[in-house]
Amino acid sequence: MTLAPRAVVVRRRTELEELLDRHGTRGQAEFFLRSRGRDLSEVQDHHDSVEESLHAVSAAIPRDWRRGGVERADLDRFLFEPEDVVVVVGQDGLVANTAKYLDGQPLIGVNPEPGWNPGVLVPHTSGDVVRLLGEVLDGSASWLNRAMVGVQSDDGQKLFALNEVYIGHRSHQSARYRLELPDGRSERQSSSGLLIGTGTGSTGWCLSTWRERHSDLPLPLPFERRLAWFAREAWPSPFTGADLTEGLLDEDAALNLVVESDSLVVFGDGLEVDHLTPTWGQGLAVRVAARTLRCVA
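Owing to the predicted nature of the structure, the values given are computational and were not obtained by experimental measurement.

Trainee: So what's going on with the overall build of the chain? Which residues, and what values?
Mentor: Secondary structure assignment for the chain yields 6 helices and 16 strands. On C-alpha atoms alone, the chain measures out to a radius of gyration of 21 Å, which is about the 19 Å that the 2.2 N^0.38 rule sets for 297 residues. The principal-axis extent of the C-alpha atoms belonging to the chain is close to 65 × 55 × 35 Å. Here the chain, with 297 residues, has 51% of them falling under the buried criterion. Nonlocal contacts in the chain, meaning residues at least 24 apart in sequence, comprise 67% of its contacts between residues at least 6 apart. Positive and negative charge centroids in the chain, built from 31 and 44 side chains respectively, lie 2 Å apart.

Laid out in structure tokens, this is it:
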């Protein structure tokens, strides 16, 4: 017997929900906001917009489909199934947070506040969901496939990200490692860490780094299977260099490094709770991931 499709709705707790958890009552939350020059009505409006979109998305899911739901904080513990259709309701960053746990499942990004969120990764409204789910089911959906970045340690651990991965010291002290480029060049470095990003990530953290150093590096586009990498604040010393600090990785190339600190941390898209912790002597390989994020256009 074939199982019915499952729609999984991904959301993030609203500011109002977090305030009520922290302060207990609406009155205390209102007092807290007022003491900081803010009004509870603004927070309530944002909450209502998200709730309205969530209700509309729920109503759009066919009755004979299975349903699932997960909050951002629980993504690393949620088991996505291969046949899931994922509906992300929230900001662009929530798509990035979700993407690392997907492997080919279609994703529909719903923007609950079009006038507030940029909507690059959440271009749809809740009113589009009925049509989009139908198009996914009958195979007529249009797709935008976004490249992802993958990291694999020499003991087989893997981590994926849509925007970028960070490799560095847990507390942002100096990270020591030996960097090995695809063309055979290598350098021992002590830096504030490595940032390796996709074309999607080239509008965020990587772009900020690129601008600060006035780089001439041509950043990849969102759908290019290419990565940009930066060594942040590399420090030249008698034992470490600062010559190999940026570059591009084509699809068939890998950036390799060997850890020369007691330990480093590797995380993607700002989700530090889900990370790798390579230790002294361990090797890491960073490359364009074989998986892509399949966004419903």
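Trainee: Before we move on, can you summarise the packing of helix α1 (residues 15–23) against helix α3 (residues 40–60) with the specific residues and values?
Mentor: Any two packed helices are characterised by the angle at which their axes cross and by the distance between the axes. Two numbers describe how α1 lies on α3: the axes approach to 8 Å, and their chain directions differ by 120 degrees. Considering the angle they form, α1 stands oblique to α3. Packed against α1, whose contacting residues are E15, L16, E17 and L19, the element α3 presents L40, V43, Q44, H47 and E51 at the interface. Looking at side-chain class alone, the contact of α1 with α3 contains 4 nonpolar, 2 polar and 3 charged residues.

Trainee: Tell me what's going on with the layout of surface pockets, and back it up with residues and numbers.
Mentor: With a probe scaled to a water molecule rolled over the atoms, the places where space remains empty come into view. Approximately 470 Å³ is the volume attributed to the largest pocket. Considering the residues around the largest pocket, the lining is formed by 23 residues, among which R12, R13, T14, E15 and Q91 are closest to the centre. Among the elements of the structure, α1, α3 and α4 (92–99) are those that each provide at least two residues to the lining of the largest pocket. Among the elements that line the lining of the largest pocket, the one with the most residues is α3, at 5 residues. Taken together, 15 residues line the second largest pocket, and the ones lying closest to its centre are L121, N163, T200, T203 and G204. With 3 residues, α4 is the single largest residue contributor to the lining of the second largest pocket.

Trainee: So what's going on with α4? Residues and values would help.
Mentor: Of all 8 residues making up α4, 7 are buried, and the element is well covered by its neighbours. Every buried residue of α4 is accounted for by D92, L94, V95, A96, N97, T98 and A99. Against β1 (6–11), β3 (84–89), β4 (106–110), β5 (143–153) and β16 (283–296) lie the buried residues of α4.

Trainee: With reference to specific residues and values, describe unusual backbone geometry.
Mentor: Its identity is not glycine, yet H214 carries a phi of approximately 50 degrees, on the positive side. Mapped onto the elements, H214 comes out in the loop between α6 (205–212) and β11 (227–231). Positioned with a positive phi, E233 is a non-glycine residue whose angle comes to about 55 degrees. Structurally, E233 can be placed in the loop between β11 and β12 (246–249). Of the residues examined, E233 reaches a relative accessible area of 61% and is grouped as exposed.

Trainee: Quick rundown of the pairing of strand β7 (residues 164–168)? Include the residues and the values.
Mentor: Regular strands show a simple pattern: their side chains alternate between the two faces of the sheet. The buried count for β7 comes to 5 of 5 residues, which makes it a mostly enclosed element. Here β7 shows no split at all, with E164, Y166 and G168 on one side and V165 and I167 on the other all buried. Sheet analysis places β7 next to strand β10 (residues 194–197), joined by 4 bridges and oriented antiparallel. Of the residues in β10, the one forming a bridge with V165 is I196. Strand direction decides the pairing type here: β7 and strand β14 (residues 265–268), joined by 4 bridges, are antiparallel.

Trainee: Please provide a residue-by-residue account of the packing of aromatic side chains, values included.
Mentor: Applying the stated rule across the entire model yields 3 aromatic pairs. Ring geometry for F78 versus F80: centroids 4.8 Å apart, planes at 70 degrees, classification edge-to-face. The class for F78 is partly exposed, based on a relative accessible area of 22%. Centre to centre, the rings of Y166 and W205 are 5.8 Å apart; their planes meet at 20 degrees, and the pair counts as stacked. Remark: W205 occurs in helix α6 and Y166 occurs in strand β7; sequence separation between them is 39 residues. Assessed through its relative accessible area of 30%, W205 is described here as partly exposed. Taken together, the ring pairs in this structure connect Y166, W205 and F267 into an aromatic cluster. In this arrangement the basic side chain of R291 is found over the ring face of F160, its NZ or CZ atom lying 3.8 Å from the centre. Of note, R294 hangs over the ring of W143, and the distance from its end group to the ring centre comes to 3.9 Å.

Procedures and definitions
- Residues numbered from 1 in each chain as written.
- Predicted model: local features only at pLDDT ≥ 70, side-chain atom pairs only at ≥ 80, totals over all residues.
- Heavy atoms only, no water.
- Helix = DSSP H or I, 4+ residues; strand = E, 2+ residues; numbered from the N terminus.
- Rg over C-alpha atoms; globule rule 2.2 N^0.38 Å.
- Buried < 20%, exposed > 50% of the residue type's maximum accessible area, 1.4 Å probe, protein only.
- Contact = heavy atoms within 4.5 Å.
- Lys, Arg positive; Asp, Glu negative; His and termini not counted.
- Charge placed at Lys NZ, Arg CZ, Asp CG, Glu CD.
- Axes fitted to C-alpha atoms, helices over the stretch in contact; angles between N-to-C directions.
- Parallel < 35°, antiparallel > 145°, perpendicular 65-115°, else oblique.
- Nonpolar A, V, L, I, M, F, W, Y, C, P; charged D, E, K, R; others polar.
- 1 Å grid on protein atoms, 1.4 Å probe; cavity = no way out; pocket = protein on both sides within 12 Å on 5 of 7 lines; lining within 4 Å.
- Points joined across faces, edges and corners; volume = space filled by probe spheres on them.
- Pairing = 2+ DSSP bridges.
- Phe/Tyr/Trp six-rings, centres within 6.5 Å; stacked < 30°, edge-to-face > 60°.
- Lys NZ or Arg CZ within 6 Å of the ring centre and 35° of its normal.

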